[in-house]
4 protein chains.
Amino acid sequence: MSVNKRKIFNDPVYGFITIPSDIIFDLIQHPYVQRLRRISQLGLTHLTYPGALHTRFHHALGALHLMTLTIDQLKQKGTVISAEEEEAVYIAILLHDIGHGPFSHALEHLLIDVDHEELSLALMHELNQQFEGRLTVAIEVFTNRHHKRFLHQLISGQLDMDRLDYLTRDSFYTGVMEGKVGYDRIIKMLRVIDDQLVVEEKGIYSIEKFLVARKIMYWQVYLHKTVLSAELMLKAAVKRAQELYLQGAAIQLSKSLTTIFQSSWSNKDQRDDLLSAFVSLDDVDILALLKNALYCSDFQLHLLADGLINRNLFRVELSVIPFKSKDVDLIKEEVATHLEIDINLMDELVFTGIEQTETYDFQESEIKLLNKKGEVVPLTSFQLGPFSSSVAKYYVCYPKLTNTAF
Amino acid sequence: MSVNKRKIFNDPVYGFITIPSDIIFDLIQHPYVQRLRRISQLGLTHLTYPGALHTRFHHALGALHLMTLTIDQLKQKGTVISAEEEEAVYIAILLHDIGHGPFSHALEHLLIDVDHEELSLALMHELNQQFEGRLTVAIEVFTNRHHKRFLHQLISGQLDMDRLDYLTRDSFYTGVMEGKVGYDRIIKMLRVIDDQLVVEEKGIYSIEKFLVARKIMYWQVYLHKTVLSAELMLKAAVKRAQELYLQGAAIQLSKSLTTIFQSSWSNKDQRDDLLSAFVSLDDVDILALLKNALYCSDFQLHLLADGLINRNLFRVELSVIPFKSKDVDLIKEEVATHLEIDINLMDELVFTGIEQTETYDFQESEIKLLNKKGEVVPLTSFQLGPFSSSVAKYYVCYPKLTNTAF
Amino acid sequence: MSVNKRKIFNDPVYGFITIPSDIIFDLIQHPYVQRLRRISQLGLTHLTYPGALHTRFHHALGALHLMTLTIDQLKQKGTVISAEEEEAVYIAILLHDIGHGPFSHALEHLLIDVDHEELSLALMHELNQQFEGRLTVAIEVFTNRHHKRFLHQLISGQLDMDRLDYLTRDSFYTGVMEGKVGYDRIIKMLRVIDDQLVVEEKGIYSIEKFLVARKIMYWQVYLHKTVLSAELMLKAAVKRAQELYLQGAAIQLSKSLTTIFQSSWSNKDQRDDLLSAFVSLDDVDILALLKNALYCSDFQLHLLADGLINRNLFRVELSVIPFKSKDVDLIKEEVATHLEIDINLMDELVFTGIEQTETYDFQESEIKLLNKKGEVVPLTSFQLGPFSSSVAKYYVCYPKLTNTAF
Amino acid sequence: MSVNKRKIFNDPVYGFITIPSDIIFDLIQHPYVQRLRRISQLGLTHLTYPGALHTRFHHALGALHLMTLTIDQLKQKGTVISAEEEEAVYIAILLHDIGHGPFSHALEHLLIDVDHEELSLALMHELNQQFEGRLTVAIEVFTNRHHKRFLHQLISGQLDMDRLDYLTRDSFYTGVMEGKVGYDRIIKMLRVIDDQLVVEEKGIYSIEKFLVARKIMYWQVYLHKTVLSAELMLKAAVKRAQELYLQGAAIQLSKSLTTIFQSSWSNKDQRDDLLSAFVSLDDVDILALLKNALYCSDFQLHLLADGLINRNLFRVELSVIPFKSKDVDLIKEEVATHLEIDINLMDELVFTGIEQTETYDFQESEIKLLNKKGEVVPLTSFQLGPFSSSVAKYYVCYPKLTNTAF
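A quick note: this is a predicted structure, and the numbers were derived from the prediction, not measured. (Residues numbered from 1 in each chain as written. Chains lettered and ligands numbered in written order. Predicted model: local features only at pLDDT ≥ 70, side-chain atom pairs only at ≥ 80, totals over all residues.)

Participant: Break down the overall build of chain A for me, with residues and values.
Facilitator: For chain A, the helix and strand inventory stands at 16 helices and nine strands. For chain A, whose C-alpha radius of gyration is 23 Å, the value lies close to the compact-globule estimate of 22 Å for 406 residues. By principal-axis analysis of the C-alpha atoms, chain A measures approximately 70 × 50 × 35 Å. For chain A, contacts bridging at least 24 residues in sequence account for 69% of all contacts bridging at least 6. (Helix = DSSP H or I, 4+ residues; strand = E, 2+ residues; numbered from the N terminus. Rg over C-alpha atoms; globule rule 2.2 N^0.38 Å. Contact = placed C-beta atoms within 7 Å.)

Participant: Before we move on, can you summarise helix H8 (residues 161–174) of chain C with the specific residues and values?
Facilitator: All names here are of chain C. Its 14 residues place the ends of H8 19 Å apart at the C-alpha level, agreeing with the 20 Å of an ideal helix rising 1.5 Å per residue. In terms of burial, H8 is largely enclosed, as 13 of its 14 residues are buried. One or two steps after H8, the chain reaches Gly175, where phi turns positive at roughly 80°. (Expected span 1.5 Å × (residues − 1). Buried ≥ 20, exposed ≤ 12 C-beta atoms within 10 Å, placed from the backbone.)

Participant: Describe the sheet that holds strand S9 (residues 392–398) of chain A, naming the residues involved and giving the relevant values.
Facilitator: All names here are of chain A. The sheet built from three strands is open, its strands ordered S5-S9-S6 with antiparallel pairing. Bordering the open sheet on either side are strand S5 (315–319) and strand S6 (351–356), each of which pairs with just one other strand. Put simply, the sheet's adjacent strands are angled 30° from each other on average, direction ignored. Direction of pairing for S6 relative to S9: antiparallel, over a ladder of six bridges. Bridge pairing in S9 links Gln356 to Ala392. (Pairing = 2+ DSSP bridges. Axes fitted to C-alpha atoms, helices over the stretch in contact; angles between N-to-C directions.)

Participant: With reference to specific residues and values, describe the sheet that holds strand S4 (residues 196–200) of chain B.
Facilitator: All names here are of chain B. Read from one edge to the other, the open sheet built from four strands follows the order S3-S4-S7-S8, with strand pairing classed as mixed. Strand pairing shows two members of the sheet lacking a second neighbour, strand S3 (190–193) and strand S8 (376–378), which therefore form its edges. The average angle at which neighbouring strand axes cross in this sheet is 45°, direction not considered. Where strand S7 (residues 368–370) and S8 come together, three bridges link them in antiparallel fashion. Directly across from Lys368, in S8, lies its bridge partner Pro378.

Participant: Tell me about helix H5 (residues 116–130) of chain D, and name the residues and values.
Facilitator: Working note: α-helix, 3.6 residues per turn, so residues spaced by three or four point in the same direction. Residue and element names in this part refer to chain D. Here H5 contains 15 residues, and its C-alpha end-to-end distance of 21 Å stays within 8% of the 21 Å for a straight helix at 1.5 Å per residue. Within the span of H5, buried status applies to Leu119, Leu123, Met124 and Leu127. Projected down its long axis, H5 shows its buried positions confined to an angular sector of 140°, all on one face. Facing away from the buried side of H5 by more than 90 degrees, the exposed set consists of Glu118, His125 and Gln129. Buried residues along H5 sit against helix H2 (31–34), helix H4 (83–95), helix H6 (136–142) and helix H13 (271–278). Glu132, located one to two residues past H5, shows a positive phi value of around 55°. (Arc of directions from axis to C-beta.)

Participant: So what's going on with the domain arrangement of chain A? Residues and values would help.
Facilitator: Think of interface size as the accessible area that goes away when the parts come together; that is how it is often given. Residue and element names in this part refer to chain A. When its domains are assigned, chain A resolves into domain 1 (3–175) and domain 2 (229–313). Using C-alpha coordinates to define each centre, domain 1 is positioned 27 Å away from domain 2. Going through the elements one at a time, helix H2 (31–34) and helix H5 (116–130) are the ones with two or more residues in the side of domain 1 that touches domain 2. (Domains from an automatic or database assignment.)

Participant: Can you tell me about the environment of Leu107(C), naming the residues and giving the values?
Facilitator: All names here are of chain C. Among the secondary structure elements, Leu107 is positioned in the loop between helix H4 (83–95) and helix H5 (116–130). Take Leu107: there are 21 C-beta atoms within 10 Å of it, and that puts it in the buried class. Counting along the chain gives 19 residues from Leu107 to Ala88, while the straight-line C-alpha distance between them is 30 Å. Excluding residues within four positions of it along the chain, Leu107 makes contact with Gly101, Pro102, Leu234, Lys235 and Val238.

Participant: Outline unusual backbone geometry, supporting the account with residue identities and numerical values.
Facilitator: Even without being glycine, Glu340(A) reaches a positive phi, approximately 60°. With respect to the element layout, Glu340(A) can be found in the loop between helix H16 (325–339) and S6. The exposure class of Glu340(A) is exposed, given the 6 C-beta atoms found within 10 Å. Even without a glycine there, the phi angle at Asp195(C) is positive, about 55°.

Participant: A description of the packing of helix H14 (residues 283–293) of chain A against helix H15 (residues 299–309) of chain A should follow, citing residues and the corresponding values.
Facilitator: Any two packed helices are characterised by how steeply their axes cross, that is the angle between the axes, and by the distance between the axes. Residue and element names in this part refer to chain A. It is the contact of H14 with H15, at a shortest axis distance of 8 Å, that shows an interaxial angle of 120°. Viewed along their axes, H14 and H15 form a crossing whose handedness is left-handed. The residues of H15 that touch H14, namely those facing Leu290, Lys291 and Ala293, are Leu301, His302, Ala305, Leu308 and Ile309. Its residues placed into classes, the contact of H14 with H15 shows six nonpolar, one polar and one charged. (Left-handed = near helix turned anticlockwise from the far one by under 90°. Nonpolar A, V, L, I, M, F, W, Y, C, P; charged D, E, K, R; others polar.)

Participant: For the relation of the copies chain B and chain A, give the residues involved together with the corresponding values.
Facilitator: You can overlay chain B on chain A at an RMSD of 0.0 Å; the transform is a turn of 180° with a shift of 0.0 Å along its axis. A rotation of that kind, with that shift, is consistent with a two-fold axis. Take the interface residues of chain B: 100% of them recur as interface residues in chain A, which is what a same-surface contact looks like. (Least-squares fit on C-alpha atoms with pLDDT ≥ 70 in both.)

Participant: Could you give me a rundown of the environment of Ile71(D), with the residues and numbers involved?
Facilitator: All names here are of chain D. Structurally, the position occupied by Ile71 is in helix H3 (residues 56–76). C-beta crowding within 10 Å serves as the criterion here: with 21 such atoms nearby, Ile71 is assigned to the buried category. For the pair Ile71 and Ser120, spaced 49 residues apart in sequence, the C-alpha to C-alpha distance is 23 Å.

Participant: Any details on the pairing of strand S3 (residues 190–193) of chain D? Residues and values, ideally.
Facilitator: Regular strands place their side chains on alternate faces of the sheet. All names here are of chain D. Direction of pairing for S3 relative to strand S4 (residues 196–200): antiparallel, over a ladder of four bridges. Directly across from Leu190, in S4, lies its bridge partner Val199. Where S3 folds back onto S4 in an antiparallel hairpin, the turn is made up of two residues, including Asp194, whose phi is positive at roughly 50°.

Participant: Quick one: what's the story with the interface of chain B and chain A, residue by residue and with numbers?
Facilitator: Listed as interface residues are 38 residues of chain B and, on the opposing side, 38 residues of chain A. The biggest single contributor to the side of chain B that touches chain A is helix H14 (residues 283–293) of chain B, with five residues.

Participant: Summarise the nonpolar core; cite the residues concerned and give the values.
Facilitator: Ala237(A), Ala237(B), Ala237(C) and Ala237(D) are the most contacted members of the largest nonpolar core, which totals 506 residues. Here Ala237(A) is in contact with Leu290(A), Ala293(A), Leu301(A), Leu304(A), Ala305(A) and Leu308(A), once residues within four sequence places are set aside. (Core = buried A, V, L, I, M, F, W, Y, C linked by C-beta atoms within 7 Å.)

What follows is the structure in structure tokens.
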């Protein structure tokens, strides 16, 4: 590759990240990827874990780095991967999250009525045009239409580079050490057998610890009560702002947001406009909205924005069974009394729903091990902990009835 | 302290940060301190070191944590520190940076014509009123009017907790491992002798490595060419936006910025307004300004904003001697030709100046050691590296003449 | 304490270990404790994990360090611990392993027919005389006859400082990162309720990861096949040397070993002699025996010593059901043929037996948690992994039938 | 390579060490290399830093690991290295310390009157015969007779893999964090220009920190007073034991030691015997000697052995000028009086001499940098600390006049 583009990034997590080729360099400097610098990886998690300010940009680089290590390992062990395929997986992993919007998952579907994967794919097609077809194989791998299926598993599977990086990185930046994953050991144990990614049996303890770490990250971080509260408030605030805007209220918005508030992905004619608004949209648009909302006269929006900006978050209660509607009604009454507002406004300030852990999926895509006899066997053939137990919890979230914070 | 306020923060750097008392808890949740969550510690350094997204909020907690360790050590070694004094140093270190504006040092003096320390003090006085005088001793320590002078040295001195935390934290988040400081060892070696903070002689190697690490952080991070370029561009963009605004151009600004663009700290009548605008001002206001500026017709502002948002940064050249004005003129001509714009606009797009390392100050406040004979001696009485050598470099910074980035 | 005795040890694991008082300092420099410098913590594990050369001495210091952190935490949370009790637990943890012989568990019961705990106690009584009764309370705590039962739990229980240190230290020195334990987080979560050590509920994930880490250490390290082989060979070699010595063979032995080979703890008249031989006995005596045995004409002893010194270890096979005696006989025949020796010698060269994990004990001493309602509940009331599953494995261990090593 | 020999070592320092080829595997399992498991890397340093128990074996593996990383880097950057040359540097670095005797440098020249390098070379020639000439190129590289000189620089030079590993490893195991070296960054910055190893300019801060770290390791560890004392005592004990043995005293020795005590390398006829005794000689022989000496009636040997075994070390005083002989005489008198022995015995119990730092050598083999203009320039052309300052210190070492230890 050209010397000018031999770029090394410093990374607190991995030390150094070396950019493997020119096209990767050129893609990184494209505004679509640079935009990920302004998309926080974990939404509003930093309100609970103040270190968790890392971005989708850094995650994309990190996943790319792990991919280079993995490809190197697999090639050393005799798996045939052509230069074109190698470039394709690098591109695919670099761009896999390019369709994320502000605060990542927190506002997904609310701002644009579509999955982030579909937006990623739309933007990859756009880039493929700009780069004159050089992303074609990457798109095949990303959409699992490439004949070597293990390449797709590296992008999206039980042990893909996306997951290895985000668990590692999220654990690192939140400081939740129990969520640390031995990514280097897992990668050293990977093999491809019959076009399928497997783990050598001696890596079983790394896998066990990986599954425990993942479970811990769900309960300690991804489903943390305070984070849940902040993200419910954020959704409500954005929704309320959109309503007010569509009703004609004078509310300062970025140009991108005005387009997005008025358009729908399901309306195919609006997709082009939506997409060009989307590539200019990031956390800043939303934060600026919240800050401006502090000067807004709408009670609900103001309450939500103030709570988010000054970290005066709503209370959350959890339960393994659904909350009874009469209990929720009681809460609404108390809140209305406490805030001295009309009970009818409560639907925008008291939220109920259900939260679930993403579970270790036994059906579809179980982790496969290569046992000492050389057979490929499912992880469940080993006696490990009950990592599958999906736990669902119902929540109710509402403004605090006292004036203490935290 | 009350059980409800027994708060522990996770910190990737130190593991856990325990809040030592109720008033510290209450101050942390005050909007003035919460605002520091939106002030990046290192300005635009993350454009070079993508992990460097940590905030003044996290730095304030970190410095507080080191202070609790230090006070604990000093007390164990027999230094008398009353409960009131202990609370005072905790408050003072927590609030020492409360007067920082958007992007920390990058826009200091430009947005408001005063040092951040003076703003910190102004806000502490404001908080002292709100907290009914409970910050009085803290303010004495902060302004070095407390009779125990070593307390002030812990806030502001060659080895203060501010510096120990920021070097540690900046090194951690940039991933510049060579800048790592053995804060725990230094703290273990601190003593108070004759109301003066000293280091036990056996800690001399920790001090040596600290001074080298600091020097490395200056050259690798704080004075990094790319960071310098980004911050010069940021200043120019904000300055240009202010000009345009004052000329009546239609440019979307946050409410705080409109006040700040129209007022001056040197005009005492405007200070109250400035201060209340200031406490609502953070990185978001500036980033939103830049993003909006992408839709602005002013050539210079648009060029600067686009460069900052899409990381298409100006080139920087350094020299130990000043650049000759004819050479700078030549650059201006080339840039004007390349950009096809009037040479008169070049003063806003070609920047010259001088950058200097903060040096190890031998005159005023040299590090003191307690040698094995029990004498307090200056660090310079030991033969160490030439840490004093302040190096100044002249720079010229201008738009790239090619289309490559990075 | 006296300034001279203010000693700080450097520890790769914890950074610094500070000696808390004069008597601890004096005990550390006593030959009984210094002897632990020559007792390897993990027997012959370094033949598999070359970093695992740490000693009982370092473990004793490490456990002491964790005890100082824990006592500090408990006192901060309001548990009353007198200065005398504090000193007692420090002494008890420092000395808890003083009765370990060469290679720790590997030769326990073989060299002296008694548990190491009983030898520890015997030596503590001896030290108590030398220190004029200052160990009396420590002995009460060690033997669980002190009225504050939680003090004993800190020495010997599911979450005692012994275990926290050895898991941490063994994981560190073997490099088995999956065995790393979050000792600092666990200690931060400890409380004493009703004279009982409990963990606050929010520490449950640290406990879960602790239990997984422990299980991993058992399978990856403590019950590692190669380590098992080396320790079976070591036992056989020592046993054979003792037989030869008692038969009058000319075999060079240390003075301590000659006493130990001729005496028995069950013969009370020999205990004094045994104990004074024991306090001069360490890994060196055994290693020197093995090295001298290389010049010995006895076939079995020579084969075993050569295998241990030059790392030519026997093969181990594992099975969940016992090996059939006819299969073992077949192995003996093959080995005899391969080595060209008499089949009758095989009983000393082919070993069978059973290995078991120490299990998480649900009956006796389950970990207790303090739930959010303030109730003390057993860990099993939370849904975690099946950490209890004790797994037993049968083994057969015999000389390799080829000439390859490793 | 054969699957059976695909061996991975766990290393606390680097995580994993992968054995690069079959012959390396076979050499590692040779008794000459296995013997290094019983040679401590840092002599008696563990008496001061209890973690410093690592061995020459682990260091050899570590240096090998760094070599594989370096060769990989250099090849990526276009340096041509044939498979044969690659194998040769791996062999040469693995075996570079094979000639070290018990406690590494501590007894060098005393036990055998020759450098360890010459013994390494003698053993390499021996192995070359056993391996039928496959070490020929390795020996060329080791002795700097290979035409590619940079290969030798990787084995022995200012930035060789030996040094990078021992500084890293010694810092790690002593717990002297200030001595930590950024080996990964330095390796990433290496290049070969004109058959010469150079460092890219952007690595200058890593080099600076490396030089400071090295200096710190000298003063904190390698020349530590207590370590100096222990090693002087060890030398005196071994010397005294040899005298006694040659005088016919009944002193238990290992077979190897009896040969070594009676032979000389300068007598060429004795070299074969010496070499075969040497390959059976390790720390165990010396430790067993010391332990047996506790039962010896010779006053001096007993005093030295007891001090070493029970860590009752002699006092050391340092001075930048030589001690006057009358002051030394005075010390001898005081010691003689205190110990109640004849003053004539003092020559064996009071030691004087000089200790020096190995210095950064400007003359011969200065570190070269590749500056940004593509020129190779010496490190001294950059303004860094005065790393060259060799400091010599005179010492006097004698039995303590009080009964306190530590």
